[in-house]
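# Observations on the three-dimensional arrangement
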Amino acid sequence: MSTRTAVLTLAALLVSGPAATVAQPKRISLDLTERAETDAGHAGGTYRVAFEAQLEPRGTGLHVNSNEPLESFLIPTVLTLEPPEGIVLDGVAWPTPVLLEQQGAEQPLAVFEEHFVLGAALRLAGDREPGTYPVGGSLRYQACDDRMCYLPTRVPVRFDVTVAPASRQLARTAGAGLFDTLEFAALAPIAGDAAGAGDAVDVPGPTPAAEPAADAAPGRPAVADGPGGLARLARFELLGTAGYADVDEFLGFIERAESGEAETGWFEGRGPLAIIALILIGGLALNLTPCVLPMIPINLAIIGAGARAGSRRRGFVLGSAYGLAMALVYGVLGLAVILTAGTFGTINASPWFNLGIALLFVVLALAMFDRLSIDFSRFQNRFTGGPQGAGSLPVAFGMGGVAALLAGACVAPVVIQVIVFSSNLYATGTAVALALPFLLGVGMAIPWPVAGAGLSFLPRPGPWMVRVRQAFGVFILGTAVYYGYLSYGLFSQRWVDPELVAGSVQELIDDGWYAALGPGLAAAETDDRLVLVDVWATWCKNCLIMDRTTLKDPAVETALEDYVKIKFQAEDPSASPAFEVMERFGAIGLPAYAILRPGPGGAPGAAGAP
């Protein structure tokens, strides 16, 4: 599994103003209540279910994006159902959306009210035996108000379908009145994979969430993928993943996947004490990054530690509070990443994130060159709690937390290694792995109590400090250029003609690649062959480059000769089924490539981040 740290995510959200979706500043939840129209259904008939949804907190202006939002970057509401064999989703009813004016938006949003009702009609097979059958699934939604749209999330769906004998008369339930306002639209056939019994069905709108058929849009290949592909994917073992690569790198990726050679991290093959020591040393080294080191004297002055503390003991306490906040931030956010299986992961692949970080470093560099004043000392008098000039614990603790977030952009390599290792270790049932991100923060916090108490061997302040600040300004400015270059690269990946990308995909399909996940995986199971899945989108410039260069290279074609090769389109990586596929592969961007082997699903083998 590959994960980007939540520290990076929250740092990005502090500075990425242009982003369309930001972190939730308040606790938003959606209560979902299932109500059947009748107490049971008959085999060969239809069983209708209504879902009464209520957004919390109420009365705060929250809405939910409709199943067909007016802007492409907004996340539609998607109902996913997983009926058992002999029960098929036959129709869906969505409420009528309303328009919501949002500050700064050129056009209003098509949304559902904070309380709304949707419905699903399930067709029962004629040979379905009487009994009770569980149906699972989820409702994915994105909450919005008049200022912003929040991170999309999911709420589980679970209810029972009761099939009664034909001789039994059905009775309407107390919630049957909800169906009076619902208009059910029949589902169109799914191109590619037919929606078979027992397959998950995603319903973002009046038609299933299938990839477009050949005549659906001009300039796009005949790529179709039904929900059966996800069910088959669970029966395959993931051997390895990769992203954009040249010929040699791609051949190395194939060789490692076939041999089962995993890319080892910093902690593989080491004992518990060595791992703890490495994490503590890594945390200690984080203080030497350009995001942290130049700010040490500034932060000591702000929190009132060092010479301003009044005594070494008080300086030690203030420095300890500052360091404790750092440890808690890394511990809590690392815990969130591990327990949510990398939900925060894709933000670092956003061009807006990298642009925001670049602008932040430009500001910090200007401050190092005395071209811009960053002075929080005017807030100090409001919080002082000791001798005059001394700091207070709340200020020290708060500044420590802020410093940890801002340092996230520089400490990614260390933090990512710890998060990935902790996630994999926790997946094996080792609960103590949840404490490792906190231990990293402890390592980062070690110097601060000493620095707060004052170090007698440090050079006295003088003109030399100006030169040191300017030297750090050069480093910080270089970091800003680096992140600006990353942002430009991510933006430029979308400067591509979609028809050219679609045409390159169609060429490979004509050469024998499968255009859908389900049929390709079925063929691989039948012939017991390895599988290469290429995840692409029409806006992905690097997908076009890979199609025309690496994948056309004779050495790569020879290495993949015995493979079942599949093109899987993920036009919106956050929508189903692309979301589930990319999550399974641990992919955070496009293009993404995965090598699979028929057999048990479960944990990835040599999977790495693309």
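Rules used in this analysis
Along each chain, residues carry numbers from 1 onward, in the same order as the chain's sequence is written. Where totals are concerned, whole chains, interfaces and linings use all residues; where local detail is concerned, this predicted model gives features only for residues with pLDDT of at least 70, and gives and counts side-chain atom pairs only at 80 or more. Excluding hydrogens and water, the side-chain figures rest on all heavy atoms present in the structure. By this definition, two strands are paired if DSSP reports at least two bridges between them. Think of it this way: any DSSP run of H or I at least four residues long counts as a helix, any run of E at least two long counts as a strand, and we number them from the N terminus. Fitting a line to C-alpha atoms yields each axis, with helices limited to the stretch in contact; the angle taken between N-to-C directions then spans 0 to 180 degrees. Looking at any residue, its pLDDT shows the predictor's confidence there, from 0 to 100. Only heavy atoms matter for contacts: two residues are in contact if any of them lie within 4.5 Å across the pair. Each angle gets one of four labels, with under 35 degrees taken as roughly parallel, over 145 as roughly antiparallel, 65 to 115 as roughly perpendicular, and the rest as oblique. Helix crossings get a hand from a simple test, with the near helix turned counterclockwise from the far one by less than a right angle marking a left-handed crossing and a clockwise turn marking a right-handed one. For this classification, the nonpolar set comprises Ala, Val, Leu, Ile, Met, Phe, Trp, Tyr, Cys and Pro, the charged set comprises Asp, Glu, Lys and Arg, and every other residue, Gly included, is treated as polar. Here the term buried applies to any residue with accessible area under 20% of the maximum for its type, exposed to any over 50%, and partly exposed to those in between, with areas from a 1.4 Å probe on protein chains only. Only a pair of cysteine sulfur atoms within 2.5 Å qualifies as a disulfide here.

### Quick notes on the sheet that holds strand E17 (residues 236-242)
- Pairing within the open sheet is mixed, and its four strands lie in the order E17-E20-E18-E19. Because the sheet does not close on itself, it has two edges, and the strands there are E17 and strand E19 (564-569). Direction aside, neighbouring strands of the sheet carry axes that sit 25° apart on average.
- Looking at chain direction, E17 and strand E20 (residues 592-598) are connected through six bridges and run antiparallel. Opposite Ala-242, over in E20, you have Tyr-593 as the bridge partner.

### Examining the confidence of the model for the protein
- Summing up the model confidence of the protein, the mean pLDDT is 73 and the portion of residues at 70 or higher is 67%.
- Taken element by element, the predicted model of the protein shows its lowest mean pLDDT in helix H1 (residues 6-15) (34) and its highest in strand E18 (residues 531-536) (95).
- Taken as a whole, residues 376-390 scores under 50 in pLDDT and shows 27 contacts with residues more than four places along the chain or in a different chain.
- Residue range residues 601-610 is modelled with pLDDT below 50. Its contacts to residues more than four positions away, or to other chains, number 30 contacts.

### Quick word on the packing of helix H4 (residues 272-285) against helix H10 (residues 436-445)
- Remark: H4 packs on H10, axes separated minimally by 6 Å, with the N-to-C direction vectors making an angle of 50°. Judged by the inter-axis angle, H4 sits oblique to H10. With respect to the hand of their crossing, H4 and H10 are arranged in right-handed fashion. Residues Ile-276, Ile-279, Leu-280, Gly-282, Gly-283 and Leu-284 of H4 form the contact with H10, whose participating residues are Leu-436, Leu-439, Leu-440, Val-442, Gly-443 and Met-444.
- Taken together, the residues of the contact of H4 with H10 break down into nine nonpolar, three polar and no charged.

### A look at the pairing of strand E9 (residues 109-112)
- Taking every second residue as pointing to the same face, both faces of E9 are buried, with Leu-109 and Val-111 on one and Ala-110 and Phe-112 on the other.
- Pairing analysis gives two bridges linking strand E5 (residues 63-65) to E9, with the strands arranged antiparallel. When the sheet's bridge partners are listed, Asn-65 is paired in E9 with Val-111.
- With three bridges connecting them, strand E8 (residues 98-100) and E9 associate as antiparallel partners. By the bridge assignment for E9, Leu-99 is matched with Ala-110.

### Examining the state of the cysteines
- By the definition in use, this model includes one disulfide.
- Two residues, Cys-540 and Cys-543, share a disulfide whose sulfurs are 2.3 Å apart. One disulfide, between Cys-540 and Cys-543, carries an S-S torsion of 90° and so falls in the right-handed class.
- A residue is classified by how much of its surface remains accessible, and Cys-540, at 0% relative accessible area, is buried.

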